[in-house]
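Here's the letter readout for the chains.
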Amino acid sequence: DTYAIALADMIPATDAVEMYMRLGDSSGPDSGASDYAWGVEKHLINTAGDSSTYASEEDNADAQIQLSHHDDDVGTATGEGYGGIFYLHRPGDGTMYPTISGHAAVMSYATLLIHQKVVGARLSVIALDRVQVLFSSGNIASGRLTVWGLAHA
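Since this is a predicted model, take the numbers as computed values, not measurements.

1. A look at the overall build of the chain
A tally of regular secondary structure across the chain gives zero helices and 11 strands. Relative to the compact-globule value of 15 Å for 153 residues, the chain shows a C-alpha radius of gyration of 15 Å, a close match. In terms of overall dimensions, the chain has a C-alpha envelope of 45 × 35 × 30 Å along the principal axes. The buried share among the 153 residues of the chain stands at 46%.

2. Some details on the packing of aromatic side chains
Applying the stated criterion across every chain yields a total of zero aromatic pairs. When the ring centre of tyrosine 36 is taken as origin, the NZ or CZ atom of arginine 122, which lies over that ring, is 5.7 Å away.

3. Some points on the pattern of salt bridges
Scanning the model with the defined rule gives five salt bridges in all. For aspartate 35, the salt bridge identified is with arginine 122, shortest N-O distance 3.7 Å. Residue aspartate 35 is found in the loop between strand 3 (28–29) and strand 4 (36–44), and its partner arginine 122 is found in strand 9 (residues 113–122); the two are separated by 87 residues along the sequence. Judged by its relative accessible area of 15%, aspartate 35 is buried.

4. A short note on the environment of aspartate 15
Here aspartate 15 lies in the loop between strand 1 (2–12) and strand 2 (19–25). Taking the C-alpha atoms as reference, aspartate 15 lies 33 Å from tyrosine 97; in sequence the two are 82 residues apart. Non-local contacts of aspartate 15, meaning those with residues more than four positions away in its chain, are made with Val74, Gly75, Thr76, Glu80 and Tyr109.

5. Topic: the pairing of strand 8 (residues 99–107)
In the sheet, strand 7 (residues 81–88) pairs with strand 8 via eight bridges, with the strands oriented antiparallel. In the sheet register, tyrosine 87 faces strand 8, and the bridge partner there is serine 101. In this sheet, strand 9 lies alongside strand 8 in antiparallel orientation, the contact comprising nine bridges. The residue bridging methionine 107 from the neighbouring strand is leucine 113, located in strand 9. Linking strand 8 back to strand 9 in an antiparallel pair, the connection comprises five residues, with threonine 111 at a positive phi of about 55 degrees.

6. A word on the pairing of strand 4
Counting buried positions along strand 4 gives seven out of nine residues, so the element sits mostly inside the fold. Relative to strand 9, strand 4 is paired through nine bridges, and the arrangement is antiparallel. Residue pairing across strands places valine 40 opposite valine 118, the latter belonging to strand 9.

7. Considering a nonpolar patch on the surface
Among the surface-exposed residues, Tyr87, Trp148 and Leu150 lie close enough to one another that they form a single nonpolar patch of about 280 Å² accessible area. Mapping tryptophan 148 onto the fold places it in strand 11 (residues 140–150). Using a relative accessible area of 43% as the deciding quantity, one classes tryptophan 148 as partly exposed.

8. Observations regarding the sheet that holds strand 5 (residues 54–62)
On the basis of which strands lie adjacent, the open sheet formed by seven strands has the order 5-4-9-8-7-1-11 and antiparallel pairing. Edge positions in the sheet fall to strand 5 and strand 11, since each has one partner strand and no second. Recorded for the sheet is a direction-independent mean angle of 15 degrees between the axes of neighbouring strands. Examined bridge by bridge, strand 4 and strand 5 share seven bridges and lie antiparallel to one another. If you follow tyrosine 36 over to strand 5, its bridge partner there is aspartate 62.

About the cut-offs
Residues numbered from 1 in each chain as written. Predicted model: local features only at pLDDT ≥ 70, side-chain atom pairs only at ≥ 80, totals over all residues. Heavy atoms only, no water. Helix = DSSP H or I, 4+ residues; strand = E, 2+ residues; numbered from the N terminus. Rg over C-alpha atoms; globule rule 2.2 N^0.38 Å. Buried < 20%, exposed > 50% of the residue type's maximum accessible area, 1.4 Å probe, protein only. Phe/Tyr/Trp six-rings, centres within 6.5 Å; stacked < 30°, edge-to-face > 60°. Lys NZ or Arg CZ within 6 Å of the ring centre and 35° of its normal. Salt bridge = Lys/Arg side-chain N within 4 Å of Asp/Glu carboxyl O. Contact = heavy atoms within 4.5 Å. Pairing = 2+ DSSP bridges. Patch = residues over 30% accessible without salt bridge, like charges linked within 9 Å, V, L, I, M, F, W, Y side chains within 5 Å. Areas by Shrake-Rupley, 256 points an atom, 1.4 Å probe, with all protein chains shown as cover. Axes fitted to C-alpha atoms, helices over the stretch in contact; angles between N-to-C directions.

No statement about biological role is implied by the geometric values presented.
If you want it as structure tokens, here you go:
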């Protein structure tokens, strides 16, 4: 019971916003102020000599898992957006905290290409049965989310 979660061509309705993920059970996605821990590491690709080429940030008590680095928010202009692949490392009835890991490609609001590595956890054992993605402000204007179950041999 491992799941692959693909986000493709995610475009926010509001420019320069962060991408988030929440996990939940039958009562809905969890969004308490200290429900999640996460870390994001970024590698800014097309800015030679920029001191912020590599950076990371984390939080161990947040209302969601942050999927994008705050310095390089997701844009809405032509060519900008968010895409990534994440793995959920726990079945719905598992005994460890639900954790995710993955990689993303972001074209920021400044049309900068960014590679991001993400890790996160829901800080409670829950009967996990749903995933929510959202931007920090506004709606998702377009995009696709696909979830696959990966069988263990």
